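# Overview (structure and organization)
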Number of protein chains: 2
Amino acid sequence: MIVALTGGTGGAKLIEGLAAEIDPAELTIICNTGDDEIFQGLHVSPDIDTITYTLGGLIDTAKGWGIKDDTFNALQQLHGLGADTWFKLGDRDLATHITRTRFLNEGLTLSDATDRIRRALGVKSIILPMSDERVETRVETQQGQISFQEFFVRERWSPEVTAIRFDGVESSHPGPGVLEAIHHAEAIIVCPSNPITSIGPIVAVPGIRSAFTETAAAVVGVRPLIGSTAISGPAHKLMKASGWKASALGVAQCYSDFLDTFLIAEEDKDLVEAIAAANIETACTNIRMTTLADKRRLAREVLALVEK
Amino acid sequence: MIVALTGGTGGAKLIEGLAAEIDPAELTIICNTGDDEIFQGLHVSPDIDTITYTLGGLIDTAKGWGIKDDTFNALQQLHGLGADTWFKLGDRDLATHITRTRFLNEGLTLSDATDRIRRALGVKSIILPMSDERVETRVETQQGQISFQEFFVRERWSPEVTAIRFDGVESSHPGPGVLEAIHHAEAIIVCPSNPITSIGPIVAVPGIRSAFTETAAAVVGVRPLIGSTAISGPAHKLMKASGWKASALGVAQCYSDFLDTFLIAEEDKDLVEAIAAANIETACTNIRMTTLADKRRLAREVLALVEK
């Protein structure tokens, strides 16, 4: 069993490659839920949805989120009813949130709801929320504290960030199956997701980080930045706000207690020695993923590192 | 102020005519909520929605329910997720149910939620739920007890009906403004809605039926049947199951304690004398409403009876 840690868009590309290269039933994905938010009274789990849609062949690949060929008629009507509609919920996408909310209101856990939805959509890989308890990523800006989605989507990550917090994380517990998956994994892959707000909340859940440091399995990471810039999104900005260097070295230091091997961009090969000082091996490659062929090639390179 | 009692489709046609003939702000509508049901965890109020959409110019006139030009992509996706989708919720329509459910979960009453939604949709008439408490119309069939929507939509009103019940009605109270509207009304119009499952639940709420019998205002009804058949829907079937004759006379007897004048179909004029025996005046006309011109003509005839 291969275990992958991921957030949304960036990580989903590698997940798609991995699921194409190995038996998808042999892949267990531990997913960030710190970005979850209630919109219009519906429980939205953006990262779980992106991974589920990607593996179910439903993802809108152009946008990197939502369902392909979706319509936005409910959202337009919600706007007319006076609702805030900066979070773009498509009509087909809404079905997921309506179903998840109903399951949760009926007393199911987020893990159960996630499992039922992925099975209904024909996804063979297991998708595990990092926790069934509510952990909320909060972004402190000079204009006040906002949720991650407010920062990322509504404000288009433009505010200056002074700190990141994961509200509720101290009292949270790993979701069912999470620690077992880590302990029984042949290899663990840290996907190229935001180290602060995608991988950060997962390893902040008490018990998960120590399970990674203790596991005998190889832990291989793929870095989400080239030079000092994220391929997409605000990773570099949030790295700096959290006191890390916005570079491959910063990410390596961030993961230094559990990462064995780090796959970085060729552009960053001058950092190999500095990363080696943190006791992490490196390999350099082209880490950009545009086509499915790119995703599969990078997945194969990661799997080769795992076997080594 | 004119007060109208109504259910969904049939009554909505006369409501549309009335709102075109008088200042719509002078029209208060008391709406059946016995058909309300939770679908996919969302609170659906079919009759309130039909009236709101009709007055907001959104109604799908061909179907008599839902929003015109709506799409059903969320429903199709819900079906794929394993949900029961016999109740046809359109994407734009869903926005109403999502908004209402959110309002109710935030602690608003059904009256408040209804008022906010109708204002957002530009509806000038006041729409009052008969009660803010849950009253459930239950249909007893030989195969067991089902909700009104299950009977009407899922089973296409085919089962044999043995009885109708309004669960929760004994302990319910009239919604805010309902008794005041009746007491201050210049006239009360009983729309051509199902006497058993549309008008029946309204007048079963303790206090409403007696307010009708006590009011000084003229109470004018328009009958929903021609001969022994409903113009649409199962009114005739439910009349019989409730022990009434499925005829203009049966409806008149059903309403005899509060109706002053009854507008019936020309085809039923041989019943005028029998209805007079129940101390109700009658007028005969063409009660079919297809075009807006039909609806306005019938509204004018009703308003003329009110003035008389």
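The rules behind these values
- Numbers given for residues are sequential positions, taken from 1 along each chain in its written order.
- Starting at A for chains and at 1 for ligands, labels are handed out in the order in which the entities are written.
- Two thresholds apply to this predicted model, a pLDDT of at least 70 for residue-level local features and 80 or more for giving and counting side-chain atom pairs, whereas whole-chain, interface and lining totals are computed over all residues.
- In superposing the copies, a least-squares fit is computed on C-alpha atoms, taking residues whose pLDDT is at least 70 in both.
- Paired strands are those between which DSSP finds at least two bridges.
- Numbering of helices and strands runs from the N terminus, with a helix taken as a DSSP run of H or I at least four residues long and a strand as a DSSP run of E at least two residues long.
- All axes here are fitted lines through C-alpha atoms, helices being fitted over the stretch that makes contact, and every angle between N-to-C directions spans 0 to 180 degrees.
- Comment: burial labels come from other C-beta atoms within 10 Å of the residue's own C-beta, placed from the backbone, where a count of 20 or more is buried, 12 or fewer is exposed, and between is partly exposed.
- Whether two residues are in contact depends on their C-beta atoms, placed from the backbone: they are in contact if these lie within 7 Å.
- Here the word oblique covers every angle except those under 35 degrees (roughly parallel), over 145 (roughly antiparallel) and from 65 to 115 (roughly perpendicular).
- Crossings are sorted by hand: turned counterclockwise from the far helix by less than a right angle, the near helix makes the crossing left-handed, and turned clockwise it makes it right-handed.
- Residue type decides the class: Asp, Glu, Lys and Arg count as charged, Ala, Val, Leu, Ile, Met, Phe, Trp, Tyr, Cys and Pro as nonpolar, and the leftover types, Gly among them, as polar.
- Domain borders in the structure are assigned automatically or taken from a domain database.
- The length a helix should cover is 1.5 Å for every residue beyond the first.
- When the strands point away from the viewer and the path from the first strand over the helix to the second turns clockwise, the crossover is right-handed.
- Each residue gets a pLDDT score, which is the predictor's confidence in that residue and runs from 0 to 100.

### Focus: the relation of the copies chain A and chain B
Between the two copies, chain A and chain B, the superposition gives an RMSD of 0.0 Å; the rotation angle is 180° and the shift along the axis is 0.0 Å. Overall, the copies show the geometry of a two-fold rotation axis. Among all residues of chain A, the minimum C-alpha distance to the rotation axis is found for Asp91 of chain A, at 3.1 Å.

### Notes on the sheet that holds strand E13 (residues 261-265) of chain B
All names here are of chain B. Strand order in the open sheet made by the seven strands is E5-E2-E1-E9-E10-E13-E14, with parallel pairing throughout. The sheet is open, and its two edges are formed by strand E5 (126-129) and strand E14 (281-285), each paired on a single side. Direction aside, neighbouring strands of the sheet carry axes that sit 20° apart on average. Both strand E1 (residues 2-6) and strand E2 (residues 27-31) contribute to a ladder of five bridges, which runs parallel. Each residue of the ladder has a partner; that of Thr6, found in E2, is Cys31.

### Notes on helix H5 (residues 110-120) of chain B
Residues and elements named next belong to chain B. Within the span of H5, buried status applies to Leu110, Ala113, Thr114, Asp115, Ile117 and Arg118. Against helix H2 (46-55), helix H4 (91-105) and E5 lie the buried residues of H5. Gly122 occupies a position one or two residues after H5 and carries a positive phi of about 75°.

### Regarding the environment of Ser242 of chain B
Residue and element names in this part refer to chain B. Position of Ser242 among the secondary structure elements: in the loop between helix H10 (235-241) and helix H11 (248-254). A residue is classified by how many C-beta atoms lie within 10 Å of it, and Ser242, with 17 of them, is partly exposed. Put simply, Ser242 and Val161 are 81 residues apart on the chain and 8.9 Å apart in space, counted from C-alpha to C-alpha. Setting aside residues up to four positions removed in sequence, Ser242 forms contacts with Ile164 and Ile196.

### A look at the packing of helix H4 (residues 91-105) of chain A against helix H5 (residues 110-120) of chain A
Residue and element names in this part refer to chain A. For the pair H4 and H5, interaxial distance at closest approach is 9 Å and the crossing angle is 140°. One finds that H4 runs oblique with respect to H5. Both H4 and H5 take part in a crossing whose hand is right-handed. Judged by residue contacts, Thr96, Thr99, Arg100, Phe103 and Leu104 of H4 engage Leu110, Asp112, Ala113, Arg116 and Ile117 from H5. Along the lines of polarity and charge, the residues of the contact of H4 with H5 split into five nonpolar, two polar and three charged.

### Side note on the domain arrangement of chain A
All names here are of chain A. If you check the domain split of chain A, you get domain 1 (27-129) and domain 2 (185-307). Look at where the C-alpha atoms of domain 1 and domain 2 centre, and you get two points 26 Å apart. Contacts between domain 1 and domain 2 engage four residues on the former and four residues on the latter. Among the residues making up the side of domain 1 that touches domain 2, the classes are represented as one nonpolar, two polar and one charged.

### Regarding H4 of chain B
All names here are of chain B. In a regular helix each residue adds 1.5 Å, so 15 residues correspond to 21 Å; H4 covers 21 Å between its end C-alpha atoms and thus fits that length. With 13 of 15 residues buried, H4 is to be regarded as a mostly interior element. At the C-terminal side of H4, Gly107 shows a positive phi close to 105°.

### A closer look at the pairing of strand E1 (residues 2-6) of chain A
Residues and elements named next belong to chain A. When you tally the buried positions in E1, you get five out of five residues, the bulk of the element. Strand direction decides the pairing type here: E1 and strand E9 (residues 187-190), joined by four bridges, are parallel. Note on E9: the bridge partner recorded for Val3 is Ile188. As a crossover connection, the stretch from E1 through helix H1 (residues 9-21) into strand E2 (residues 27-31) is right-handed.

### A closer look at the confidence of the model for chain A
Taken over all residues, the pLDDT of chain A has a mean of 94, while the share at 70 or more is 99%. Both scores are given for the predicted complex: the pTM is 0.94, the ipTM 0.92.

### So, the interface of chain A and chain B
Contact residues are listed per partner, giving 24 residues for chain A and 24 residues for chain B. Of all elements in the fold, only helix H3 (73-80), H4 and H5 of chain A reach the threshold of two or more residues within the side of chain A that touches chain B. The element contributing the most residues to the side of chain A that touches chain B is H4 of chain A, with nine residues. Its residues placed into classes, the side of chain A that touches chain B shows 10 nonpolar, 10 polar and four charged.

### Re the sheet that holds strand E8 (residues 161-167) of chain B
All names here are of chain B. Strand order in this open sheet of three strands is E7-E6-E8, and the pairing throughout is antiparallel. Every interior strand has two partners, whereas the edge strands, strand E7 (144-147) and E8, have only one. Neighbour-to-neighbour, the strand axes of the sheet open up by a mean angle of 25°, direction not taken into account. Two elements, strand E6 (residues 136-141) and E8, share six bridges in a ladder whose sense is antiparallel. Along E8, the bridge assignment pairs Glu140 with Ala163.

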